[in-house]
Amino acid sequence: MMTALPGWANSPVLMQFPGTGGGGNSSYTLGWVGLDGYDVFQVAAPQSIVTYRSQQIQNNLEQIRDQYLSLENPSAIVSNQPTDEGQPKVYVNTDYLMTITQEDANLQGTTASALVERLGQTIPNALARSYQERQPAYRERQFIYAGIAVGVAMLAILLLSLLSDPLLRWSMRGLSTTLNQNTVSDNQQHNLEDIRELVLPVLQLSLIASAVLWTLGRFPETRAIQEEVLSGLKVPIIILIVVVVAYVGVRLTYAIIDKLLIRMTDEEGLSGTYSRRTRLRISTLSSVIKNIANFVWIAIGFVIALSVTGIEIGLLLASVGIIGLALSLATQNLVQGAIKGFFIVLEDQFAIGDVVKIGEDAGVVENLNLRITQLRDAEGRLITIPTDEITRVANYSLLWSRADLKLPVHYNADIDQMIEIARQVGNELKADPEWGELILEDPQILGVDDFGDSALIIRVWIKTQPMKQWDVSREYRRRFMLTVQESDNPIPFPQRDIWLHSADELMVNLKGGAIALENNGSEKSSDQKTEHNGKRTEARTDRQPRTVPSDDDSEGSDADGDGDGGDR
């Protein structure tokens, strides 16, 4: 059966496109013609229709194959006939295949006659292979191979499931430090378990998919499906591989950083205040480095994914530069926060594990990177603060801390004795083996600090190890309370003095003026009236101008009873 291409395929219509030939003609490109999933030969056409021409010629070749397979003694003879323009028309047996154009020869660096000779070898070989792959012996052998492939894949999946735990333990031993070969940090174990939980299912699924795809490629009827699946899923599969590799790279980087951190903090001699500070700084730096490593892996994966999808990276980078310039104002807070976070780490303003107060929020620093700071407050809440919003920080645990104690003492107690008790309790606490190592210096008894409503306040300062001031304060108060009880001194408690007067000692008139009663019961006004030079005058107390309210105005009368009690 001979099938002709529609329209331009049977005529030299391709010559109407720009260009008259030559390998440098950029208007034309090459496309493959396949049979049963194998590439057989190439043809040339303008880029916009090269796929269409290749598909039409492939359809002709498939019809020739069907005719070839129906023969009792299959054989293929390739011949050609020139057209009026001198272009050879290729036939297989008596069926039309294609017309060779000058562009076909030019783009492949040969001549039209040489292409005809090449087709005379490749096409019979391709048809013979198609015939061979449809024989029962070949199919039986391929079914056996397919069963072996699926069995190997299932066995590999089973082995991965059984060996996942030993591999995890082996990885942990590899990441353990020289000082502690049997244990790893919780972060290292968490990272390795995350890798296993992600990579193991991906590997198992990949093994099954690979076995299925390999099986599809064993048979000529399904080889085209394999090709379509691979071509259609090529970009998603590569992107998935990039994502998995980037994720595994991030987790392994975390584990290696944790290993270096443990190795540095396990070194002998890291004891004392400054060494503790060094450990905190190392922990903070590791968190920042992890954040940077995360960004680097994501950036590398993103660039690789773009290159796989065919996007020009150079053009993208130029576009990113322009877009970055346009978005610079919108992202200035993020940039400022990153710079501020860098200087926080560099200057050791605070680190992971410190107790700090940022603005109105206070707590232990749980996480710190160039973008955010996270605090855990006393109620267990996790507070996230953007780095660019940090302006002032109060660090309660940098190098050393101080227990600031304000001890209430009863007014009737012997103050000198109470000061000595405070000093005695401080010295005993400093001499205690358990508590003494938390106290850096002898307690300072500052003396009476304030006269409170119900007690005198004795102030005591105790310099402690970082973040130990609260523990030392609680223990000091407990011992001070017990010592005061043993000394039989009264414990201060809220108290108030109330002055009582009999009902006939004071009477208030309707105008608010106070009138004192003499012993005989006669009234005597508090405003004394006298005679001076024949004129009667009133003796008054000096009062503030009414534009400046006094403390007694709110009560409606003078506290001492010697004023006039209000406006007149």
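Predicted model, so just to flag it, every value in this text is computed and none were measured.

Undergrad: How would you explain the overall build of the chain if you had to name every residue and give the values?
TA: Each helix and strand in the chain was counted, giving 13 helices and 18 strands. Out of the 568 residues belonging to the chain, those deemed buried represent 34%. Long-range contacts, defined as pairs at least 24 residues apart, comprise 59% of the intrachain contacts of the chain with a sequence gap of at least 6.

Undergrad: For the nonpolar core, give the residues involved together with the corresponding values.
TA: Across soluble globular proteins, you tend to see nonpolar side chains buried next to one another. Formed by 23 residues in total, the largest nonpolar core has its most connected members in Leu-407, Met-418, Ile-458, Val-460, Ile-462, Tyr-476 and Phe-480. Contributing elements (two or more residues each) for this core: strand E11 (401–409), helix H11 (415–431), strand E13 (456–464) and helix H13 (469–486). The leading source of residues in this core is H11, at six residues. Ignoring sequence-local partners within four residues, the contact set of Val-460 consists of Ala-403, Asp-404, Leu-405, Leu-407, Ala-422, Gln-444, Ile-445 and Tyr-476. Listed in part, the 22 residues of the second largest apolar core include Val-33, Val-40, Tyr-68 and Val-78.

Undergrad: Give me the sheet that holds strand E5 (residues 95–99): which residues, what numbers.
TA: Across the sheet, three strands lie side by side as E3-E4-E5; this open sheet has antiparallel pairing. In this open sheet, the two strands that pair with only one neighbour each are strand E3 (78–82) and E5. Put simply, the sheet's adjacent strands are angled 30° from each other on average, direction ignored. Bridge analysis of strand E4 (residues 88–92) against E5 gives four bridges, and the strand direction is antiparallel.

Undergrad: Describe in detail unusual backbone geometry, supporting the description with residues and values.
TA: Excluding glycine, residues mostly carry a negative phi; peptide bonds, for their part, are mostly trans. Even without being glycine, Asp-36 reaches a positive phi, approximately 55°. Among the secondary structure elements, Asp-36 is positioned in the loop between strand E1 (28–35) and strand E2 (38–46). By relative accessible area, Asp-36 is classed as buried at 7%.

Undergrad: Tell me what's going on with the confidence of the model for the chain, and back it up with residues and numbers.
TA: Low-confidence regions, as indicated by low pLDDT, have predicted coordinates that should not be scrutinised in detail. Per-residue confidence for the chain gives a mean pLDDT of 75, with 70% of residues at or over 70. A low-confidence stretch, residues 177–184 (pLDDT under 50), is modelled with 14 contacts involving residues beyond four sequence positions or located in other chains. Long-range and interchain partners of residues 516–568, a stretch whose pLDDT sits below 50, account for 50 contacts in this model, where long-range means more than four residues apart.

Undergrad: Go over the packing of H11 against H13, please, and point to the residues and values.
TA: Closest axis-to-axis distance for the H11/H13 pair is 10 Å, and the angle between their directions is 130°. Considered as vectors, H11 and H13 are oriented oblique to each other. Where H11 crosses over H13, the handedness of that crossing is right-handed. Residues Met-418, Ile-421, Ala-422, Val-425, Gly-426, Glu-428 and Leu-429 of H11 touch H13, and the partners they reach there are Val-472, Glu-475, Tyr-476, Arg-479, Phe-480, Thr-483 and Val-484. Of the residues that constitute the contact of H11 with H13, the class distribution is nine nonpolar, two polar and three charged.

Undergrad: If you had to explain the side chain of Gln-142 to someone new, which residues and values would you point to?
TA: Relative to the elements of secondary structure, Gln-142 occurs in helix H4 (residues 136–175). Once residues lying within four places of it in the same chain are set aside, the contact partners of Gln-142 are Arg-218 and Phe-219.

Undergrad: Before we move on, could you go through the packing of helix H1 (residues 50–69) against helix H3 (residues 112–133) and cite the residues and values that matter?
TA: Helix-helix packing: each pair is described by the crossing angle between the helix axes and the interaxial distance. Look at H1 against H3: their axes get within 10 Å of each other, and the N-to-C directions meet at 60°. If you check the angle between H1 and H3, you find them oblique. The handedness of the crossing between H1 and H3 comes out as right-handed. The residues of H3 that touch H1, namely those facing Leu-61, Ile-64, Arg-65, Tyr-68 and Leu-69, are Ile-123, Leu-127, Ala-128, Ser-130 and Tyr-131.

Undergrad: Report on the pairing of E13, specifying residues and quantitative values.
TA: For E13, a buried count of seven out of nine residues is recorded, marking the element as mostly surrounded by other parts of the structure. Where E11 meets E13, nine bridges bridge the pair, whose relative direction is antiparallel. Counted as the bridge partner of Ser-401 is Thr-464 from E13. Bridge analysis of strand E12 (residues 444–451) against E13 gives six bridges, and the strand direction is antiparallel. Along E13, the bridge assignment pairs Gln-444 with Trp-461. Between E12 and E13, which pair antiparallel in sequence order, lie four residues.

Undergrad: Before we move on, could you go through the pattern of salt bridges and cite the residues and values that matter?
TA: Here the structure, examined in full by the defined rule, presents 16 salt bridges. The residue Glu-366 makes a salt bridge to Arg-376 at a minimum N-O spacing of 2.9 Å. In this pair, Glu-366 sits in strand E7 (residues 361–368) while Arg-376 sits in strand E8 (residues 372–376), placing the two residues ten residues apart along the sequence. Judged by relative accessible area, Glu-366 falls into the partly exposed class, the value being 40%. Among the salt bridges present, the one from Arg-459 reaches Asp-404, with a minimum N-O distance of 2.7 Å. Here Arg-459 is found in strand E13, whereas its partner Asp-404 is found in strand E11, with 55 residues between them in sequence. For Arg-459, a relative accessible area of 19% gives the class buried. Using a relative accessible area of 33% as the deciding quantity, one classes Asp-404 as partly exposed. Several salt bridges converge on common partners, so that one network encompasses Asp-36, Arg-65, Asp-66 and Arg-134.

Undergrad: With reference to specific residues and values, describe the packing of aromatic side chains.
TA: Overall, the coordinates contain three aromatic pairs when judged by the stated rule. Note on Tyr-91 and Tyr-96: the rings are 5.6 Å apart at their centroids and 70° apart in plane angle, and the pair reads as edge-to-face. For the pair formed by Tyr-91 and Tyr-96, the shared burial category is buried. Between Phe-143 and Phe-219, the ring centres sit 4.8 Å apart and the planes meet at 50°, which makes this aromatic pair tilted. A residue pair is termed long-range when its members are at least 10 positions apart, and Phe-143 in helix H4 and Phe-219 in the loop between helix H5 (186–216) and helix H6 (220–232) qualify at 76 residues. A relative accessible area of 55% means that Phe-143 is categorised as exposed. In this arrangement the basic side chain of Arg-402 is found over the ring face of Trp-461, its NZ or CZ atom lying 4.0 Å from the centre.

Undergrad: I'd like to hear about the side chain of Asp-354, residue by residue, with values.
TA: If you trace the backbone, Asp-354 turns up in the loop between helix H10 (332–346) and strand E6 (355–358). What makes Asp-354 buried here is its relative accessible area of 0%. Here Asn-395 takes part through its side chain, which lies 3.3 Å from a polar atom of the side chain of Asp-354.

Calculation notes
- Residues numbered from 1 in each chain as written.
- Predicted model: local features only at pLDDT ≥ 70, side-chain atom pairs only at ≥ 80, totals over all residues.
- Heavy atoms only, no water.
- Helix = DSSP H or I, 4+ residues; strand = E, 2+ residues; numbered from the N terminus.
- Buried < 20%, exposed > 50% of the residue type's maximum accessible area, 1.4 Å probe, protein only.
- Contact = heavy atoms within 4.5 Å.
- Core = buried A, V, L, I, M, F, W, Y, C linked by side-chain atoms within 4.5 Å.
- Pairing = 2+ DSSP bridges.
- Axes fitted to C-alpha atoms, helices over the stretch in contact; angles between N-to-C directions.
- pLDDT = per-residue confidence, 0-100.
- Parallel < 35°, antiparallel > 145°, perpendicular 65-115°, else oblique.
- Left-handed = near helix turned anticlockwise from the far one by under 90°.
- Nonpolar A, V, L, I, M, F, W, Y, C, P; charged D, E, K, R; others polar.
- Salt bridge = Lys/Arg side-chain N within 4 Å of Asp/Glu carboxyl O.
- Phe/Tyr/Trp six-rings, centres within 6.5 Å; stacked < 30°, edge-to-face > 60°.
- Lys NZ or Arg CZ within 6 Å of the ring centre and 35° of its normal.
- Polar contact = N/O pair within 3.5 Å; in protein donor to acceptor, adjacent residues only side chain to side chain.

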